[in-house]
Amino acid sequence: NKEDKIKVNLESHKLQDLETPIFCAMCLEKDDFVKEGDKYVFRFTKEQIQTLKKDFSDYTHVFLIDAGIFGMKIKEKAEKEGLDYKMSNIKYYDPNINQAERINDYDNSNIIFWKRDIFKQQKEFRVAFPNTNIESRKNLLNVGDFEDCLILDKDTVLNEDFALTYPNEYFK
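Source: prediction; values computed, not measured. (Residues numbered from 1 in each chain as written. Predicted model: local features only at pLDDT ≥ 70, side-chain atom pairs only at ≥ 80, totals over all residues. Heavy atoms only, no water.)

## Digging into the confidence of the model for the chain
Then step 1. With 82% of its residues at a pLDDT of 70 or more, the chain shows a mean pLDDT of 80.
Then step 2. Predicted confidence is poor over residues 1-7, with pLDDT under 50, and the contacts of this stretch with residues over four places away or in other chains come to 12 contacts. (pLDDT = per-residue confidence, 0-100. Contact = heavy atoms within 4.5 Å.)

Right, here's the structure in full:
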């Protein structure tokens, strides 16, 4: 129903000591789903539930949307606003291993897409706005309306009984 559209407004958040505004989300990919007959199903493990409840204790709801649609809306709106942006899944690393790719990313804004491997349960996707002043753009980007999304209580999703199910055709 048109009155029940979800409006999404990205707000700036400072990442550690970097001044780059970011937006973070969990991104599930096909490999996260298990094929069960004529459908693909995702369920959180007990470990994931415990970790995510701890990591996201301040949040009350979960916003479920197709990542492709979300990415297209960000691209469209950011380009219209003249905002420089980058989007990527987070690369998780072991801090005890010296990785050349991560070291090279210290020289550019891609370092914002690295996170220690203790956070890998978050399956994080991040949108960064590297050349944007965080103080002058608190309400950074109005991404627009989302008709095909779902908002659920966090405790409903972070539960062993929760399953996200898609028909086989969705992943073709």
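## Observations regarding the packing of aromatic side chains
Given two aromatic rings, one states the distance between the centres and the angle between the planes to describe the pair.
Then step 1. The final tally for this structure, using the stated rule, is 11 aromatic pairs.
Then step 2. Between Tyr-166 and Tyr-170, the aromatic rings sit 4.3 Å apart at their centres with planes inclined by 20°, giving stacked as the arrangement.
Then step 3. With a relative accessible area of 25%, Tyr-166 lands in the partly exposed category.
Then step 4. Using a relative accessible area of 38% as the deciding quantity, one classes Tyr-170 as partly exposed.
Then step 5. Aromatic side chains Tyr-170 and Phe-171 sit 5.2 Å apart centroid to centroid with 90° between the ring planes, which places their arrangement in the edge-to-face category.
Then step 6. Among the aromatic residues, those joined into a cluster by ring pairs are Phe-33, Tyr-40, Phe-42, Phe-44, Tyr-166, Tyr-170 and Phe-171.
Then step 7. Positioned above the aromatic ring of Phe-119, the side-chain terminus of Lys-115 is 5.1 Å from the ring centre. (Phe/Tyr/Trp six-rings, centres within 6.5 Å; stacked < 30°, edge-to-face > 60°. Buried < 20%, exposed > 50% of the residue type's maximum accessible area, 1.4 Å probe, protein only. Lys NZ or Arg CZ within 6 Å of the ring centre and 35° of its normal.)

## Describing the sheet that holds strand β5 (residues 39-42)
Then step 1. Strand order in the open sheet formed by 3 strands is β4-β5-β13, and the pairing between neighbours is antiparallel. Every other strand in the sheet has two partners, leaving β4 (34-36) and β13 (164-167) as the edge strands with one partner each. Neighbour to neighbour, the strand axes of the sheet diverge by 30° on average, direction disregarded.
Then step 2. Pairing between β4 and β5: 3 bridges, direction antiparallel. If you follow Glu-36 over to β5, its bridge partner there is Lys-39. (Pairing = 2+ DSSP bridges. Helix = DSSP H or I, 4+ residues; strand = E, 2+ residues; numbered from the N terminus. Axes fitted to C-alpha atoms, helices over the stretch in contact; angles between N-to-C directions.)

## Here we look at the side chain of Gln-48
Then step 1. Mapping Gln-48 onto the fold places it in helix α1 (residues 46-55).
Then step 2. Residue classification places Gln-48 among the buried positions, given a relative accessible area of 8%.
Then step 3. Not counting residues up to four positions away in its chain, the partners in contact with Gln-48 are Phe-42, Arg-43, Gln-121 and Lys-123.

## Overview of the nonpolar core
Then step 1. Ile-74, Ala-78, Phe-129 and Leu-141 are the most contacted members of the largest nonpolar core, which has 13 residues in total.
Then step 2. For this core, the secondary-structure elements that each account for two or more residues are α2 (67-81), β10 (124-128) and β11 (139-146).
Then step 3. Ignoring anything within four residues of it in the chain, the contact list for Ala-78 reads Leu-83, Tyr-85, Phe-129 and Leu-141.
Then step 4. Grouped together as the second largest cluster of nonpolar side chains are 12 residues, Phe-42, Phe-44, Val-157 and Phe-162 included. (Core = buried A, V, L, I, M, F, W, Y, C linked by side-chain atoms within 4.5 Å.)

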